[in-house]
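Chain by chain, the residues run as shown.
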Amino acid sequence: MSFFGLNYAKKKENELERRLRANDREYNLSFKYATNAIKTSKYNTFNFLPLNLFEQFQRIANAYFLILLILQVIPAISSLSWFTTVVPLVLVLSVTAVKDATDDINRHRSDNQVNNRKVTVLIDGELRSEKWMNVHVGDIIKLGNNQFVTADLLLLSSSEPLNIVYIETAELDGETNLKVKQAVTVTGDMGDNIHNLALFSGEVSCEPPNSRLDRFTGTLTYAGQKYSLDNDKILLRGCTLRNTEWCFGLVLFGGPETKLMQNCGKTTFKRTSIDRLMNVLVLCIFGFLAFMCTILAIGNRIWEQLWGSEFTAFLPRQGGVDTPFSGFLTFWSYVIILNTVVPISLYISVEVIRLGNSFYIDWDRKMYHASSDTPAKARTTTLNEELGQIKYIFSDKTGTLTQNIMTFNKCSINGKSYGEVFGYTGQRQEINEHTETVDWSFNPLADHHFFFHDHSLVEALKLESPEVQSFFRLLALCHTVMAEEKIEGELLYQAQSPDEGALVTAARNFGFVFRSRTPESVTIVEMGEQHSYELLAILDFNNVRKRMSVIVRSPEGKLCLYCKGADTMVYERLDQSCTKLMDVTTEHLNEFAGEGLRTLALAYKDLDEEYFSSWKQRHHEASTALEDREDKLDLLYEEIEKDLMLLGATAIEDKLQDGVPQTIEQLAKADIKIWVLTGDKQETAENIGYSCNMLREEMNDIFVVSANNSDDVRQELRNAWSTMKPGAEEEANFMPERTLGNKPKVVRDEEVNGEYGLVINGHSLAYALERSMELLFLRTACLCKTVICCRVTPLQKAQVVELVKKYKQAVTLAIGDGANDVSMIKAAHIGVGISGQEGMQAVLSSDYSFAQFRFLERLLLVHGRWSYLRMCKFLRYFFYKNFTFTFVHFWYAFFCGFSAQTVYDEWFITLYNLVYTALPVLGMSLFDQDVNDMWSFQHPQLYVPGQLNQYFSKTAFFKCALHSVYSSVVLFFIPYAAMYDTVRDDGRDIADYQSFALLAQTCLVITVCIQLCLDMSYWTVVNHFFVWGSLAMYFTVTFTMYSNGTYLIFPASFPFIGDVQGETGQGRAPSPSQPCPDSPHQHPPFRLRLLACGGLRGPGDVQLFPAQSRHHTHHHLHPSGTHHGVQPHGPLSRIQPHWERSELQTTGCGGDITANVPHDARPRLLMYRTLPALKSDNIHILATSETHLDNTFDDAAVAIQGYNIYRRDRNANGGGVAVYIQRHIPCNA
């Protein structure tokens, strides 16, 4: 059962073995196998909102701001209105939710489209059209040509001879070449007979659902016989049937249990070094935020202890609020106010920047390969800035540095080398486009695109040399190539690897033409005569065996095993009689490898009929085993592949791609180290190294490590170390060290005099990667300019990458083009796939892809460097502008009694990051360039700062913080000093709270914009629009929101009524907030929100809004005369007068009002602000003493305001002094 996307049903126990019976749904349903319906979507209508919010609040930033919002709705600690956090939080959550909803709707549509496809199913003896979702395990289905395979099927029969089918696996692995599958003979005999298929009751036992695409283990039991099932008899969901009219299949796995869906799991999430640094910095910021809030909370407690008690006569505390508790509440209030040190807009801005820079890669025409119509593709958007920090590149050779377009170039047969051209004098001639080629007219089936220049090989064939014929017969038989012959005599080969295609094409031109194959036979044309060989066994190639063999029976009945593979593997299995021939062939192999050619050794073995029968029986038993099948088969392969007879070797040319040497040279100038990891021979790898300018003759030394045991490998590495670092052997520590967190200690870069290269083969590398030697290998390799690892396995490639990641504080990149590079690509920080000749597995596993190695230069030196530079500038500036914004609050706390009052207006706090400063920094982060792309190529050394983290690091962050501290000091104290005790030319006081806030926030916006302009290196029209448009937006919004008209619409939301007009010297509505105090330990002492409401209730009608404190009860005095308890609705001063209502009229002018005045009120405080606003006939002021009264009032000033002091007397209540002020100028005047 699923509720809100969570599965509460009892989880099915892990399946150990799958058992099913054909045409028996009742039996198969008892196992509760999955149906064929798929579900890739995450949400539905009911669970979207709760589940999506649950996922979003798992991000620490969102959770942090949710906690702040909860704090803000607690009246006792709320120092900001709830909307200051709700608006940005809702915006971020909404944008993410819309994106997630859009993606999930598309997934729903895709699921529905796939689940509702139609397929023909055999039910109750007849064929019916059913939806894919209604297909069950054990059903028999019929597929047609070009139709998608519905589920993972066991092939039963097909329309093609010998029950073979052709499938395309592009949806699975990206490969477009056709592959062949064949049904078991016993099921193939049923053909398309519906009656026989309906009666079929075979039982299948096989492996449980898994993600292995290249392996299947199972058995079919039918009519008392057991038959082996392997991957060649399975059709996987996602494949497409090609060149086959129809086929029938038995459903083995459905829906989520198919191998396609099993491979749809989440890939490893890669994080950039900046992301990891950001996590550390955010934690530091949280700690610093807590530290600041603690300081201010302590300050509040001290202030309350020393001065706060003196004001309780005017501002009584709520019950239960004492001095320590006040400090505790203040801590949380400042957590709310100072939260902008970690703004929520930071995270969404980072994602926008990364997305934009990813588009630049996708749109770059200079990384587009026209001949293959392949553009560059950023397959991830989270790693762009890491492209600007690469220190190590791990590259495959074949198909990455080379074109992977193979041509048969030379060969060695029975100790004689072929492929060179000699003149009449016996001297070797250079082969060029004018050199005469072999005439293939004697062979009507030859491929005329194939060129060969050595005529002596053709002459040897015509002389019927048995060794030469056996050599090409092996090439024509030992392979997995498929032949298509749509037109008589025009053959098209479908090869799984370019090597095989090149060798089969060579055999074809030399008279041994591979014509066709079935699962049980191979047909070739030998010098014009067609022969069919019975195919008895195929001993598959894999990356561990590095060889392939076939066992065939010739038309004469002779049994023979043909083997081809890496020379190291074949030589180990040769008969002792081949020693001399092996020595000669080895010389030829070294010559071929020295020219950069790819080599293979060929061998054969005649088999005894009796022995083979015994071996065949054991092979059948191993192939039908459900457990350890591969291990058992490997042992049988080892047994029969021995005592081979050497035939010779082949040499295939794989030319370098265009621009590879120049690209490697440029990357080397950028201080990027390139390691080549290849499966080729050592000599071939070395030659490619020289061709690519990685190895050069002027190098001080090139070390070759090729020992076959641990001690010798260690000694060779130590010798290399001693040569590069003479005298350092004694101090060198080659044992791994651990830090306190049990992490490996980082190995720092070491300086070395001169340039060195290192070449190590696979055998030696296996020892070098052992725990006791890995550090010695790493430190030795890192001293070298170039490292080439040859004869390595895919696993070793990944191990080398992991080793560098483990001990070096550097960013790694792996680039390759084939399935054998996938593990390396996934292991590196960044994986790049070359879309070449070996399918698409590497591309599908990569983070970035393109068609040619030379595009790597532009990806790193241009896009990578720009992305890193932009992201670093963005982070530095973003922290600067937010720290500056926040620190001003910190300084203000010392002037407001640590009461958690904000400097700025609440709407400014809300819009600062979302509107006023968002677009300019995004413009810089998307368009900024320090130099253009051409200068980046001309000066690759510009790339080095990224490797050293110079643009953004902990040091850069703290410098940014210090800059912010300085800016905040200037932005607070200069406006404070400018407005302190200042009056206008008409005698009115300027220094009210709102005017100061408006001045401070205006200075802040202008300052951060100027700082952005100074940081910007490259101005575009968009940047100008964003910068000046944001400033214009600020002033437009400020004049609009602080105008009288806006107040009339939203009176409760805009307390800064008329400030803009007042600041610009115009007449304004009264804003009687008071100036800053004399003492840095005092709060603004007298802050009344007295808002003229003439436009609402009639002239002269007044609402008095006593400013509220978090810990005191206040009353909202309405003209109607009723008292209402008010909740805080904004940042309010702690020390405020306590207003008491006397007789206040509801309309017109006049009325009486009584007020308490704090003992430390500044002179003329009431005169210039309060009196003009009240417009009352009689005002009764209570003071604490005569001195206090004299300091507060000035008779002349009172007269200016239209009042007379007509009576003073001692107040009986509390011993204070009372003054009565009476209006002598009509209030309507």
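A brief report on the enclosed structure follows. (Residues numbered from 1 in each chain as written. Predicted model: local features only at pLDDT ≥ 70, side-chain atom pairs only at ≥ 80, totals over all residues. Heavy atoms only, no water.)

**Side note on the overall build of the protein**
Helices and strands together make up the secondary structure of the protein, namely 40 helices and 46 strands. A fraction of 72% describes how many contacts in the protein between residues 6 or more apart in sequence connect residues 24 or more apart. Total accessible area on the protein is roughly 52,600 Å²; 54% of this is exposed by carbon and sulfur atoms. (Helix = DSSP H or I, 4+ residues; strand = E, 2+ residues; numbered from the N terminus. Contact = heavy atoms within 4.5 Å. Areas by Shrake-Rupley, 256 points an atom, 1.4 Å probe, with all protein chains shown as cover.)

**Overview of the environment of Thr586**
Along the chain, Thr586 falls in helix H16 (residues 579–594). Along the chain, Thr586 and Asp567 lie 19 residues apart, while their C-alpha atoms are 8.6 Å from each other.

**Section: the pairing of strand E27 (residues 547–553)**
Consecutive side chains of a regular strand alternate in pointing toward one face of the sheet and then the other. Judged by how many residues are buried, E27 sits mostly within the fold: six of seven residues are covered. Bridging between strand E26 (residues 529–539) and E27 involves five bridges; their strand directions are antiparallel. Across the sheet, the residue bridging to Glu534 is Arg553, located in E27. Summarising the sheet, E27 and strand E28 (residues 559–565) pair through seven bridges and their orientation is antiparallel. (Buried < 20%, exposed > 50% of the residue type's maximum accessible area, 1.4 Å probe, protein only. Pairing = 2+ DSSP bridges.)

**A few points about the packing of aromatic side chains**
Within this structure, the stated rule accounts for 58 aromatic pairs. Look at Phe288 and Phe887: their rings are 6.0 Å apart centre to centre, the planes differ by 90°, and that puts the pair in the edge-to-face class. Of this pair, Phe288 sits in helix H9 (residues 273–306) while Phe887 sits in helix H27 (residues 855–893), and the two are 599 residues apart along the sequence. On the basis of an interplanar angle of 85° and a centroid distance of 5.9 Å, the ring pair of Tyr392 and Trp675 is categorised as edge-to-face. (Phe/Tyr/Trp six-rings, centres within 6.5 Å; stacked < 30°, edge-to-face > 60°.)

**Points about the sheet that holds strand E36 (residues 830–834)**
In spatial order, the strands read E16-E37-E36-E35-E17-E31-E34-E33-E32; together these nine strands make up an open sheet with mixed pairing. Since the sheet does not close on itself, it has two edges, and those belong to strand E16 (377–378) and strand E32 (701–705), each with one partner. Two elements, E16 and strand E37 (residues 848–850), share two bridges in a ladder whose sense is antiparallel. Each residue of the ladder has a partner; that of Ala378, found in E37, is Tyr848. Those strands touched by H27 are strand E17 (390–395), strand E35 (811–816), E36 and E37, and its axis lies near 140° from that of E37. (Axes fitted to C-alpha atoms, helices over the stretch in contact; angles between N-to-C directions.)

**As for the packing of helix H21 (residues 710–724) against helix H23 (residues 774–782)**
Orientation of H21 relative to H23, taken along the N-to-C sense of each, is 35°, at an axis distance of 10 Å. Two packed elements cross with a definite hand, and for H21 against H23 that hand is left-handed. Facing H21, whose interface residues are Arg714, Leu717, Arg718, Ala720, Trp721 and Met724, H23 presents Leu776, Phe777, Arg779 and Thr780. In the contact of H21 with H23, the residues fall into six nonpolar, one polar and three charged. (Left-handed = near helix turned anticlockwise from the far one by under 90°. Nonpolar A, V, L, I, M, F, W, Y, C, P; charged D, E, K, R; others polar.)

**Details of the pairing of strand E31 (residues 673–677)**
Judged by how many residues are buried, E31 sits mostly within the fold: five of five residues are covered. With burial as the criterion, each face of E31 is covered, one bearing Lys673, Trp675 and Leu677 and the other bearing Ile674 and Val676. Direction of pairing for E17 relative to E31: parallel, over a ladder of four bridges. Within E31, the position partnered with Tyr392 by the bridge is Lys673. By the bridge criterion, four bridges tie E31 to strand E34 (residues 786–790) in an arrangement that is parallel. Within E34, the position partnered with Ile674 by the bridge is Thr786.

**Points about the pattern of salt bridges**
Under the counting rule described, the total for this entry stands at 43 salt bridges. With a closest N to O distance of 3.5 Å, Asp230 and Lys233 form a salt bridge. Using a relative accessible area of 26% as the deciding quantity, one classes Asp230 as partly exposed. Several salt bridges converge on common partners, so that one network encompasses Arg545, Arg547, Glu572, Arg573, Glu638 and Glu641. (Salt bridge = Lys/Arg side-chain N within 4 Å of Asp/Glu carboxyl O.)

**A short note on the side chain of Asn1023**
Relative to the helices and strands, Asn1023 resides in helix H34 (residues 1021–1041). With residues near it in sequence (within four places) discarded, Asn1023 still touches Gly923, Met924, Phe927, Met1016 and Tyr1018.

**Looking at the sheet that holds strand E19 (residues 416–418)**
Strands sit in the order E19-E18-E30-E29-E28-E27-E26-E25-E24 across an open sheet of nine strands; the sheet is antiparallel. Each end of this open sheet is capped by a strand with a single partner; those strands are E19 and strand E24 (512–518). Going across the sheet, the axis of each strand differs from the next one's by a mean of 30°, ignoring polarity. Most of the contacts of helix H17 (residues 609–623) go to E26, to which it runs at about 50°, and overall it touches E26, E27 and E28.

**Topic: helix H18 (residues 629–640)**
Taking 1.5 Å of rise per residue, the twelve residues of H18 would be expected to cover 16 Å, and the 17 Å separating its terminal C-alpha atoms lies within 8% of that figure. Regarding H18, the residues found buried are Arg629, Leu633, Leu636, Tyr637 and Ile640. Taken end-on, H18 shows its buried residues confined to a sector of 100°, consistent with a single buried face. (Expected span 1.5 Å × (residues − 1). Arc of directions from axis to C-beta.)

**Points about unusual backbone geometry**
One non-glycine residue, Asp643, lies in positive phi territory at about 55°. Assignment of secondary structure puts Asp643 in the loop between H18 and strand E30 (645–656). Phi is positive for Arg791, close to 60°, though the residue is something other than glycine. You can see Arg791 is positioned in the loop between E34 and helix H24 (794–807).

**A closer look at the packing of H9 against helix H10 (residues 323–337)**
Running from N to C, H9 and H10 cross one another at 145°; their axes reach a closest spacing of 8 Å. Pair H9 / H10 crosses with right-handed handedness. Residues Ala290, Cys293, Thr294, Leu296, Ala297, Asn300, Arg301, Glu304 and Gln305 of H9 form the contact with H10, whose own contacting residues are Thr323, Pro324, Ser326, Gly327, Thr330, Phe331, Tyr334 and Val335. For the contact of H9 with H10, the class distribution of residues is eight nonpolar, seven polar and two charged.

**Looking at the side chain of Ser41**
As for its placement among the helices and strands, Ser41 is situated in the loop between helix H1 (25–29) and helix H2 (48–56). When sequence neighbours within four positions are dropped, the list of residues in contact with Ser41 reads Asp104, Arg107, His108 and Asp111.

**Focus: the environment of Leu236**
Along the chain, Leu236 falls in the loop between strand E13 (234–235) and strand E14 (240–242). For the pair Leu236 and Val251, spaced 15 residues apart in the sequence, the C-alpha separation amounts to 10.0 Å.

**A closer look at a nonpolar patch on the surface**
Judged by side-chain polarity, Ile1006, Ile1010, Leu1014, Phe1035 and Phe1039 come together as a nonpolar surface patch covering roughly 480 Å² of accessible area. Looking at the nonpolar patch, the elements with two or more residues in it are helix H33 (993–1015) and H34. With three residues, the top contributor of residues to the nonpolar patch is H33. Of note, Leu1014 is situated in helix H33. (Patch = residues over 30% accessible without salt bridge, like charges linked within 9 Å, V, L, I, M, F, W, Y side chains within 5 Å.)

**Section: the nonpolar core**
Ranked by internal contacts, the top residues of the largest apolar core, which has 86 residues, are Tyr334, Phe874, Leu875, Phe879 and Phe908. When residues of this core are assigned to their parent elements, the largest contribution, 16 residues, is made by H27. Ignoring any residue separated from it by four or fewer positions in sequence, one finds Phe908 in contact with Phe885, Tyr916, Gln1001, Leu1004, Val1005 and Tyr1034. Counting 49 residues, the second-largest nonpolar core is a separate cluster that includes Ala446, Leu477, Ala483 and Val513. (Core = buried A, V, L, I, M, F, W, Y, C linked by side-chain atoms within 4.5 Å.)

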